[in-house]
Amino acid sequence: MLESLKRLFSPSYRRGLAAEAAGELESAAEHFARAGMPALVLRVRLAHAARQEEPGRRLLLKAQALETAAGSGLDPAELREPRLRLARELLEKGEAEDRRQALALLTAAEALEEAAELHLEDGDFEQARRLLERGRHFERLEAIDRAEAERRSRESRQSEAEAEARACARQGRRREAEERWLALERDEALDPEGRARARKAREALQAERLTGRARLRAEDGRVVILVAGLPAVLGRGEESPLPLADPGVSRRHARLLREGEALWLEDLGSRNGTLIDGVPLAGRLELGPEGRFELGDAVRIRWEVGPPATLELERGLAAGSRCLFLREGEAVSLTRLFPGTGGEAVEDPAVRLRLERGRFLLEGGPALRLDHEPVEGPGAVELADGDELEWPGLRVKVSRT
C-alpha cells in the first residue's frame, strides 16, 4: 500500500499525467515507466498507436506495446482485452503472417475456443483439440471429433470411389468410368477440391473418346480405319476416312453411300473423274459384291459390300490402308481386321470389335493387354485415343484418324 502511494505522488507519475493531457503520449509513456506503472504505459502507447494513419504501422506499434507490457510483469487479465482487439484487427487484414500473430494473441489472451476455430479453418485438428482440452470446452471437442470422424469416413469413401473409377478406365470400361466420375462430381457431400478432381478426370476421359472414327495401326505398319456408318466422302479433304493425299484426287472426289443392303458410289464432279473397270462414272452406280474403282489416274481402291462394307487402298501414297464401315451393333473379328497375324488368341472368333452407340468396343479375350496391363473381369474395352492393344503375336496402336 505504501509503495502504491509513493508511486501515486511521485514526480514521474505527475509528469506523465501532464504529458498525456498535452497529447505528448510518447513522453507520457516514458514518465509512467519511470513511475513503475505498466498499465498506464500500455494505455498511452496504445493510444499513440491508434493515432497512426498508416494501418501497418498502427498494428506494429500496438503489438510492440503489448509485448513490452507482457515483459513488465503486468497482470495478464489487464492484457486480455487489448490482445483480443489487436487479434481481431489482424484477422481483418487476412494475411498469413497476421493470422499467425492473431492466433498467438488469442492463445495468450486465453481465448482458446476462438483460437481453436481458427486452427480448424486451417485444417490443424490436433492443435485445435489441444486448445479445447486446455480450455475444458468438452462439448465443442466432442462435436469436432464427430465432424472429423465423418470427414475421414467421407474421404475414405471418396478415395475408394476414385480408385474404382480409375480401375474401370484402366480396364477400358470408359463409359462406366465416366459415370462414376460424374456421380462424384455431383456429390454435394464432397469437398470442392474432390468434386473438381472428379470433373477433371471425367473431362480427360471425354477428350480421349473416339466418336465415329478410329485408326488402328499394327506393329508391321498395316493400318485399319474404323468408321461408324455411311455415307462417306472420299478425297483429299479431312472428312475422307481413307488418307488420299495424291495430287490427282479432288478434295471431295466421290461419295460412298448405302441404301438398304446396297452400296452405291457417286462421283462428286471431280477434276480427274471416277472410273469403275476403266469406265468413267457419271452420277452414281450401285456396286456389286466386290470390285475396284479408281479416283483419277493415281488411286485404285478395292471394295467389298460386306458386311461390313470395306475399302482397301491398293494404289496410292497410303497403299495398304483399309477402311471398314460398321453399322450400329455390327461386329467384325480381329482376323478380319488383321488377317494372317497372331496365333490362337487372335484367331479366336470371340475376339471381335463392334460398334455400339457410336463407340468402338473390343471383346479382346483373355490374352488381351491394354496399355501393357492384362484386361480382367467382364465387359468390353472401349477404344480411346492413345490405347495400345496387345495379344501374343500382334500389337496395335489406337488413335484418331
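Data block above holds the structure.
What this report covers is the structure whose coordinates are included nearby. (Residues numbered from 1 in each chain as written. Predicted model: local features only at pLDDT ≥ 70, side-chain atom pairs only at ≥ 80, totals over all residues. Heavy atoms only, no water.)

Quick word on the nonpolar core
Next, step 1: Formed by 29 residues in total, the largest nonpolar core has its most connected members in Leu42, Leu66, Leu79, Leu86, Leu90, Leu105 and Leu106.
Next, step 2: Sorting the residues of this core by element identifies α4 (38–50), α5 (55–71), α6 (76–93), α7 (96–108), α8 (112–121), α9 (125–134) and α10 (138–170) as the ones contributing at least two each.
Next, step 3: Those residues in contact with Leu106, other than ones at most four positions away along the chain, are Leu84, Ala87, Ala111, Glu114, Ala115 and Leu118. (Core = buried A, V, L, I, M, F, W, Y, C linked by side-chain atoms within 4.5 Å. Buried < 20%, exposed > 50% of the residue type's maximum accessible area, 1.4 Å probe, protein only. Helix = DSSP H or I, 4+ residues; strand = E, 2+ residues; numbered from the N terminus. Contact = heavy atoms within 4.5 Å.)

What about the pairing of strand β15 (residues 359–363)?
Next, step 1: Of all the 5 residues making up β15, 4 are buried; the element is thus mostly covered by neighbouring parts of the structure.
Next, step 2: Here 5 bridges tie strand β14 (residues 352–356) to β15, and the two strands are oriented antiparallel to one another. The partner of Arg352 across the bridge, within β15, is Glu363.
Next, step 3: A loop of 2 residues connects β14 with β15, the two strands running antiparallel in sequence, and Arg357 in this loop sits at a positive phi of about 50°.
Next, step 4: Of the strand pairs in this sheet, β15 and strand β18 (residues 381–382) are connected by 2 bridges, and their pairing is antiparallel. Paired with Leu362 across the strands is Val381, a residue of β18. (Pairing = 2+ DSSP bridges.)

Quick word on α7
Next, step 1: The end-to-end C-alpha distance of α7 is 19 Å, a good match for the 18 Å that 13 residues give at a rise of 1.5 Å each.
Next, step 2: Along α7, the residues classified as buried are Asp98, Ala102, Leu103, Leu105, Leu106 and Thr107.
Next, step 3: Where the residues of α7 are buried, they touch α5, α6, α8 and α9.
Next, step 4: Just beyond α7, the residue with positive phi is Glu110, at close to 65°. (Expected span 1.5 Å × (residues − 1).)

Some words on the environment of Ser240
Next, step 1: Among the structural elements, Ser240 can be located in the loop between β3 (232–234) and β4 (254–259).
Next, step 2: Given a relative accessible area of 8%, Ser240 falls into the buried group.
Next, step 3: With 161 residues separating them along the chain, Ser240 and Thr401 place their C-alpha atoms 9.5 Å apart.
Next, step 4: Ignoring any residue separated from it by four or fewer positions in sequence, one finds Ser240 in contact with Arg213, Val233, Leu234 and Gly235.
Next, step 5: A distance of 2.8 Å separates a polar atom in the side chain of Ser240 from the backbone oxygen of Leu242. (Polar contact = N/O pair within 3.5 Å; in protein donor to acceptor, adjacent residues only side chain to side chain.)

Description of a negative patch on the surface
Next, step 1: A surface patch of like charges, here negative, comprises Glu208, Asp371, Glu373 and Glu376.
Next, step 2: By secondary structure assignment, the location of Asp371 is in the loop between β16 (369–370) and β17 (373–374).
Next, step 3: Look at Asp371 and you get partly exposed, because its relative accessible area is 35%. (Patch = residues over 30% accessible without salt bridge, like charges linked within 9 Å, V, L, I, M, F, W, Y side chains within 5 Å. Areas by Shrake-Rupley, 256 points an atom, 1.4 Å probe, with all protein chains shown as cover. Salt bridge = Lys/Arg side-chain N within 4 Å of Asp/Glu carboxyl O. Lys, Arg positive; Asp, Glu negative; His and termini not counted. Charge placed at Lys NZ, Arg CZ, Asp CG, Glu CD.)

Notes on the sheet that holds β4
Next, step 1: Pairing in this open sheet of 4 strands is antiparallel, and the strands run β3-β4-β5-β8 from one edge to the other. Each end of this open sheet is capped by a strand with a single partner; those strands are β3 and β8 (284–286). Direction aside, the axes of adjacent strands within the sheet are offset by 25° on average.
Next, step 2: Direction of pairing for strand β5 (residues 262–267) relative to β8: antiparallel, over a ladder of 3 bridges. (Axes fitted to C-alpha atoms, helices over the stretch in contact; angles between N-to-C directions.)

Describing empty space enclosed by the protein
Next, step 1: Tallied over the entire structure, the rule returns 1 cavity of 30 Å³ or more.
Next, step 2: Around the largest cavity, the lining residues are Leu216, Leu334, Leu337, Phe338, Leu353, Leu362, Leu383, Leu389, Trp391 and Val396.
Next, step 3: Mapped by element, the contributors of at least two residues to the lining of the largest cavity are α13 (334–337) and β19 (388–391).
Next, step 4: Counted by class, the lining of the largest cavity contains 10 nonpolar, no polar and no charged residues. (1 Å grid on protein atoms, 1.4 Å probe; cavity = no way out; pocket = protein on both sides within 12 Å on 5 of 7 lines; lining within 4 Å. Points joined across faces, edges and corners; volume = space filled by probe spheres on them. Nonpolar A, V, L, I, M, F, W, Y, C, P; charged D, E, K, R; others polar.)

Concerning the pairing of β4
Next, step 1: In this structure, β3 lies alongside β4, joined through 3 bridges in antiparallel fashion. Counted as the bridge partner of Ala232 is Leu256 from β4.
Next, step 2: Of the pairings in the sheet, the one linking β4 to β5 comprises 6 bridges and is antiparallel in character. Across the sheet, the residue bridging to Arg258 is Leu263, located in β5.
Next, step 3: Counting the residues between successive antiparallel strands, the hairpin from β4 to β5 contains 2 residues, one of them, Gly260, with a positive phi of roughly 65°.

Points about the packing of α10 against helix α12 (residues 192–208)
Next, step 1: In the contact formed by α10 and α12, the axes pass within 12 Å of each other and the chain directions differ by 5°. Comparing their axes, α12 and α10 come out roughly parallel. On α12, the residues touching Gln158, Glu162 and Ala169 of α10 are Gly194, Arg197 and Leu205.
Next, step 2: Taken together, the residues of the contact of α10 with α12 break down into 2 nonpolar, 2 polar and 2 charged. (Parallel < 35°, antiparallel > 145°, perpendicular 65-115°, else oblique.)

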